[in-house]
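Per-entry structural report
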Amino acid sequence: MEEEDAIVEQEGTRALSAGERLRQAREAKGLGLEQVAAETRIPQRHLQAIEAGNFAALPSRTYAIGFSRTYARTMDLDERDILDQVREELAQDGGDHRNAPAKFEPGDPARVPGRGLAWFTVFAAILLMGGIYAFYRSYFAPGLGPAPLQDPAEQVAANEGAQQATPSPAATPTGGPVVFTSEMDGTWVRFYDAQGERLFEGLMDKGDTFTVPADAEGPQIRTGRPYAFAITIGGRPVPKLSEEDTVVSDMPVSAEALLARPAAPAPAPTASATPAAAATPAT
């Protein structure tokens, strides 16, 4: 705080931007951008954009807030104060700049399609080709198929009887290995069980993964970047821990706990659902 007060006094009455405060704190420590980039795992071009107040050069608002917070912590500045000022500057620039056109960067996780999306696209293309082929066979060449072995009316009746006799299969519960994949560089995280025993702790770079042990009892997570992790259960993506810039702690990350999170709230009773006998006439 003493370094921050000294920086403000040197500038006189002019209010410093968040980027200028970070830059002067770095210069006061005698550090170059290369050193800060190596320590925070933030690309040097993003550090330059933050110091210049050019948040539109960052991939999204989440990156602007997350990187500024890490930068402030490294410079021993008040993180909350810096984040409040960054949010004000983002609002002054026209609010959320995520809709602004920007040059495509292969390293931006928000712009790189996921593996699941690629497989879904291939599967959809196969279904489309199959539908086109079936339409061609039935519309342009309806007589090319083999003749039916029995009368169509008898075949329909037999199929309906088989459907009524065969019970519907019971729904099976979903589950599988829980995998966390980091979508940002330099993301600190700690996984531990219900007794506080550490399962993993450290920095994860973009693309790094951690699989929660299947035998872990009550696995939980603590991190300052809940929005930086993509989560899959048995290969199926589930919602992120949070989209907000906040610290999460003691959050369960077992397959059962993660699958139970998006449960929809019970609908509120409406006037039409209340029994008519509720309003009884006075005798």
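As recorded by an unreviewed UniProt entry, the chain carries the name DUF4115 domain-containing protein and is attributed to Qipengyuania gaetbuli.

What follows covers unusual backbone geometry. Although it is not a glycine, Arg41 adopts a positive phi angle of roughly 65 degrees. Tracing the chain through its elements places Arg41 in the loop between helix H3 (33-40) and helix H4 (44-51). Backbone geometry places Asp76, a non-glycine residue, at a positive phi of 60 degrees. When you line up the elements, Asp76 lands in the loop between helix H5 (61-74) and helix H6 (79-92). By relative accessible area, which is 53% here, Asp76 ends up exposed.

Closest axis-to-axis distance for the H4/H5 pair is 11 Å, and the angle between their directions is 90 degrees. In terms of axis orientation, H4 runs roughly perpendicular to H5. When H4 is examined against H5, the residues His46, Leu47, Ile50 and Glu51 are found in contact with a partner set consisting of Phe67, Ser68 and Tyr71. Looking at the contact of H4 with H5 residue by residue, the class counts come to four nonpolar, two polar and one charged.

The next thing to look at is the packing of aromatic side chains. One pair of aromatic rings is described through two measures. These are the centre distance and the angle between the planes. Taken as a whole, this structure holds five aromatic pairs when the rule is applied. Note on Phe180 and Phe229: the rings are 6.0 Å apart at their centroids and 75 degrees apart in plane angle, and the pair reads as edge-to-face. Taken together, the residues Phe180 in strand E1 (residues 178-182) and Phe229 in strand E6 (residues 229-233) connect sequence positions 49 residues apart. An identical accessibility class is assigned to Phe180 and Phe229; each is buried. Aromatic ring contacts, followed pair by pair, group Phe180, Phe191, Phe200, Phe210 and Phe229 into a single cluster.

Next up on the list: the pattern of salt bridges. Counted according to the given criterion, the structure contains 13 salt bridges. Across the salt bridge formed by Arg69 and Glu79, the nearest N and O atoms sit 3.3 Å from each other. With Arg69 in helix H5 and Glu79 in helix H6, this pair connects stretches of sequence that are ten residues apart. Arg69 sits in the buried class, given a relative accessible area of 13%.

This part takes up H6. The end-to-end C-alpha distance of H6, which contains 14 residues, comes to 20 Å, matching closely the 20 Å that a straight helix rising 1.5 Å per residue would cover. Considered for burial, the residues of H6 that qualify are Ile82, Leu83, Gln85, Val86, Glu89 and Leu90. On an axial view of H6, the arc spanned by its buried residues comes to 165 degrees, and they lie on one face. Residues of H6 that are exposed and angled more than 90 degrees away from the buried face: Arg80, Ala91 and Gln92. Structurally, H6 contributes buried residues whose contacts are with helix H2 (18-28) and H5. Sitting at the amino-terminal end of H6 is Asp78, which places a side-chain oxygen 3.2 Å from the backbone nitrogen of Arg80.

With that settled, the discussion passes to the sheet that holds strand E5 (residues 220-223). In space, the four strands of this open sheet follow the order E3-E2-E5-E8, with antiparallel pairing throughout. Whereas interior strands pair on both sides, the edge strands pair on one side only; in this sheet they are strand E3 (198-204) and strand E8 (248-252). In this sheet, neighbouring strand axes are inclined to one another by 15 degrees on average, regardless of whether the strands run parallel or antiparallel. For strand E2 (residues 187-192) and E5, the ladder comprises four bridges, and the chain directions are antiparallel. Residue pairing across strands places Tyr192 opposite Gln220, the latter belonging to E5.

Procedures and definitions
Residues numbered from 1 in each chain as written. Predicted model: local features only at pLDDT ≥ 70, side-chain atom pairs only at ≥ 80, totals over all residues. Heavy atoms only, no water. Helix = DSSP H or I, 4+ residues; strand = E, 2+ residues; numbered from the N terminus. Buried < 20%, exposed > 50% of the residue type's maximum accessible area, 1.4 Å probe, protein only. Axes fitted to C-alpha atoms, helices over the stretch in contact; angles between N-to-C directions. Parallel < 35°, antiparallel > 145°, perpendicular 65-115°, else oblique. Contact = heavy atoms within 4.5 Å. Nonpolar A, V, L, I, M, F, W, Y, C, P; charged D, E, K, R; others polar. Phe/Tyr/Trp six-rings, centres within 6.5 Å; stacked < 30°, edge-to-face > 60°. Salt bridge = Lys/Arg side-chain N within 4 Å of Asp/Glu carboxyl O. Expected span 1.5 Å × (residues − 1). Arc of directions from axis to C-beta. Polar contact = N/O pair within 3.5 Å; in protein donor to acceptor, adjacent residues only side chain to side chain. Pairing = 2+ DSSP bridges.

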